[in-house]
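So the chains spell out like this:
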Amino acid sequence: MQHPAPPPRLGWASAAAIMFCTLSASVSGAPVVLPPGATPNVASIASALQTTCDRLSAASATSSLDPTEQDFLHRCAFFENPGASPAALSSAYAAIVGQQVNALGPQAKKFATLEQDNLAARMADIRHGSTGLSLTGLQLRGDDGHLLAANNIVDFLPAADSIGGNGASSWWDNRLGVFVNGSVKLGSKRRSQNAFAFDVRDQSITAGVDYRVTDWFVVGVDYASGHTKTIFENNLGRIDLKANGGSLFALAFAGPFYLDALAGYGGTDLGTVRDLDYTESGGGLISQQAIGSAHIQELWAGISAGDELTLGPLVLTPEASLNFHEIRLHGFTESMSVPDAPGAGLALSYGDAVVPSTQGRLNLRLGYTWSTPWAVIVPQAHASFIREFRNRSDAFGVRFAADTALGSPDAPAYLKTDAPEGHYWANGGGFTAQFQSGIAVSFDYEQLRTLKTIKSHEFTLGARYEFRK
């Protein structure tokens with residue numbers, strides 16, 4: 001996370017003027033009251049609340065306030081009331097703290113992760129000799145348990161004269177491939193000190209082309225689209241991410257050893273909804289939705305290397321990979337669903353933010369080739385050790401929009417995220433099946449393990465048809 005640069009040093013006259021204004025504001029209103037067991041994020045937003053209440057109270061003495069500023073001052077009366085019940089304060093702070101944004105980093109980066117997973121399936125397919133149209137990355141093997149080589153697959157492709165019409169070979173014969181892969185991931189996060197509990201659903205689809213430059217080197221490009229929906233528990237709102245992006249990739253292989261690399265760029269449209277539903281002292285009901293939209297830029301890159309060891313019908317594949325992700329959030333200001341109702345002044349203004357991630361992964365996959373008269377079936381099991389190298393928390397800068405309108409020079413409140421867990425495990429399994437008809441199907445499942453607050457389940461389902469003579 002990149003924090004903004006500190007403000008320039010002030011002269012004595014400017015510093016004295018700001019101190020005078022601050023002192024004048026501090027005596028214009030009572031201090032806000034914190035609920036029992038206030039978290040650091042609640043304390044931070046309470047400090048911003050105090051600053052805004054004091055500034056608006058001071059401004060009201062010399063000028064008229066607009067309706068949203070007047071509404072904010074009415075809300076201040078509740079938060080400054082020492083007689084407010086702890087339960088009411090806890091509910092109110094949960095509504096206004098705005099830490100839903102803390103889920104943004106992990107959820108936005110999932111698009112790049114799923115896109116990389118989809119590409120990894122295709123690159124595995126290429127290593128195993130696939131050409132032409134592919135609807136999934138299948139790891140198919142012959143009756144003897146060995147990988148299908150390129151010339152084996154070619155035997156099942158249409159003859160050159162059925163493609164070009166004259167029997168002459170062309171530059172793309174058995175070299176150009178097109179593919180479509182897709183994934184769905186379901187997950188959830190328990191409530192923690194710096195984050196609300198939520199359920200999440202990710203889905204992505206990747207389509208692209210690749211070209212076999214030589215027998216051992218392939219390059220390609222893809223385009224991916226994904227959608228992530230995050231629903232917060234206790235009716236605290238949701239985050240919607242609609243992402244699009246593309247990658248360049250290359251892979252080289254020598255026998256069973258391979259080296260893959262990719263780099264990509266994408267853009268994500270962000271939509272946020274915070275539900276503000278709480279009751280103030282005296283029975284006043286706040287029922288608003290704070291609605292925001294922004295754009296996110298995403299960068300990702302990765303490299304992996306592995307070796308496929310064949311032991312009869314058993315195939316053992318160790319692999320190591322290193323991946324980098326980064327999102328860049330453009331700041332935005334929320335609008336309220338009912339501008340003339342109580343709570344209309346509680347919109348937040350978020351600043352720009354950068355959230356990077358560097359992750360290493362060690363994978364081990366075990367497959368067994370089972371040949372039958374009607375199909376070749378390969379059940380598989382896999383396990384991974386995942387290490388997050390950047391394991392410190394991030395922070396999002398935020399102000400109340402009412403304070404932003406006053407031109408506040410103060411530093412924003414910072415909403416801190418949970419620090420990523422340094423390492424964890426994943427495991428799963430699935431199968432691929434190649435039928436004599438040329439139809440192939442695959443299924444794979446992976447879950448994250450040993451994480452304290454996060455559960456994640458990823459499903460990959462696909463089908464493929466091989467053109468034959």
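Residues numbered from 1 in each chain as written. Predicted model: local features only at pLDDT ≥ 70, side-chain atom pairs only at ≥ 80, totals over all residues. Heavy atoms only, no water.

**Quick notes on helix α4 (residues 86-96)**
- Every buried residue of α4 is accounted for by Ala88, Leu89, Ala92, Tyr93, Ala94, Ala95 and Ile96.
- Summarising the contacts, the buried residues of α4 are in contact with α2 (40-60), α3 (67-79), β6 (257-279), β12 (348-350) and β16 (395-400).
- Taken from the residues just after α4, glycine 98 is the one with a positive phi, measuring 75 degrees. (Buried < 20%, exposed > 50% of the residue type's maximum accessible area, 1.4 Å probe, protein only. Helix = DSSP H or I, 4+ residues; strand = E, 2+ residues; numbered from the N terminus. Contact = heavy atoms within 4.5 Å.)

**Structural notes on the pattern of salt bridges**
- One pass over the full model with this rule turns up 10 salt bridges.
- Measuring nitrogen to oxygen at the nearest pair gives 3.1 Å for the salt bridge that ties lysine 189 to aspartate 418. Placement of lysine 189 in strand β2 (residues 176-189) and of aspartate 418 in the loop between β17 (413-416) and β18 (423-435) is noted, with a sequence separation of 229 residues between them.
- Ionic pairing is found between arginine 361 and glutamate 446, a salt bridge with its closest N-O pair at 2.7 Å. Of this pair, arginine 361 sits in strand β13 (residues 353-368) while glutamate 446 sits in strand β19 (residues 439-449), and the two are 85 residues apart along the sequence. (Salt bridge = Lys/Arg side-chain N within 4 Å of Asp/Glu carboxyl O.)

**Remarks on empty space enclosed by the protein**
- Taken as a whole, this structure holds 6 cavities of 30 Å³ or more when the rule is applied.
- The volume enclosed by the largest cavity comes to roughly 60 Å³.
- In this structure, the largest cavity is lined by Gly98, Gln100, Val101, Arg238, Ile239, Thr272, Val273, Arg274, Phe332, Glu334 and Tyr350.
- Breaking the lining of the largest cavity down by element, the ones donating at least two residues are β5 (238-254) and β6.
- Top element by residues in the lining of the largest cavity is β6. It accounts for 3 residues.
- Along the lines of polarity and charge, the residues of the lining of the largest cavity split into 5 nonpolar, 3 polar and 3 charged. (1 Å grid on protein atoms, 1.4 Å probe; cavity = no way out; pocket = protein on both sides within 12 Å on 5 of 7 lines; lining within 4 Å. Points joined across faces, edges and corners; volume = space filled by probe spheres on them. Nonpolar A, V, L, I, M, F, W, Y, C, P; charged D, E, K, R; others polar.)

**Digging into the nonpolar core**
- The biggest cluster of nonpolar side chains holds 55 residues, and the ones touching the most others in it are Phe79, Tyr93 and Ile96.
- No other element matches the 8 residues that α2 contributes to this core.
- Once residues within four sequence positions are removed from consideration, tyrosine 93 is found in contact with Val32, Val33, Leu34, Pro35, Val42, Ile45, Ala46, Leu49 and Phe79. (Core = buried A, V, L, I, M, F, W, Y, C linked by side-chain atoms within 4.5 Å.)

**Things to note about the side chain of serine 44**
- Mapped onto the fold, serine 44 is located in helix α2.
- Residue class for serine 44 comes out buried when judged on its relative accessible area of 17%.
- In this structure the side chain of serine 44 is engaged in a polar contact, spanning 3.2 Å, whose partner is the backbone nitrogen of tyrosine 414.
- Those residues within four positions of serine 44 in sequence are excluded, and the remaining contacts are Ala413 and Tyr414. (Polar contact = N/O pair within 3.5 Å; in protein donor to acceptor, adjacent residues only side chain to side chain.)

**Brief notes about α3**
- Helix length check: α3, at 13 residues, gives a terminal C-alpha distance of 19 Å against a target of 18 Å (1.5 Å per residue), a fit within 8%.
- Residues of α3 that are buried sit in contact with α2, α4, β6, β7 (285-307), β16 and α8 (401-404). (Expected span 1.5 Å × (residues − 1).)

**Concerning the state of the cysteines**
- Counted under the stated rule, the structure contains 1 disulfide.
- With a sulfur-sulfur separation of 1.9 Å, cysteine 53 is cross-linked through a disulfide to cysteine 76. One quick way to see it: the torsion about the S-S bond of cysteine 53 and cysteine 76 is about -95 degrees, and its sign makes the bridge left-handed. One end of the pair, cysteine 53, is in helix α2; the other, cysteine 76, is in helix α3, and 23 residues separate them in sequence.
- Cysteine 53 gets classed as buried once you look at its relative accessible area, which sits at 2%. (Disulfide = S-S within 2.5 Å.)

**Observations regarding the sheet that holds strand β10 (residues 332-333)**
- Within the open sheet, the 4 strands sit side by side as β10-β12-β16-β17. Their pairing is antiparallel. The open sheet has two edge strands, β10 and β17, and neither has a second partner.
- Pairing of β16 with β17, which is carried by 4 bridges, proceeds in the antiparallel orientation. Counted as the bridge partner of glycine 397 is tyrosine 414 from β17. (Pairing = 2+ DSSP bridges.)

**Considerations on the pairing of strand β9 (residues 314-329)**
- Note: β7 against β9, 11 bridges, orientation antiparallel. By the bridge assignment, isoleucine 296 is partnered in β9 with leucine 329.
- Pairing geometry for strand β8 (residues 309-311) and β9, over 3 bridges, is antiparallel. The residue bridging leucine 309 from the neighbouring strand is leucine 316, located in β9.
- Here β8 folds back onto β9 in antiparallel fashion, the turn holding 2 residues, of which glycine 312 has a positive phi close to 65 degrees.

**Digging into the packing of aromatic side chains**
- For the structure shown, the criterion picks out 12 aromatic pairs.
- Considering the side-chain rings of phenylalanine 79 and tyrosine 278, the 6.3 Å spacing of their centres and the 55 degrees angle between planes classify their relative orientation as tilted. Of this pair, phenylalanine 79 sits in helix α3 while tyrosine 278 sits in strand β6, and the two are 199 residues apart along the sequence. For the pair phenylalanine 79 and tyrosine 278, a shared accessibility class is recorded, and that class is buried.
- One aromatic cluster is present, built from ring pairs that chain together Phe78, Phe79, Tyr93 and Tyr278. (Phe/Tyr/Trp six-rings, centres within 6.5 Å; stacked < 30°, edge-to-face > 60°.)

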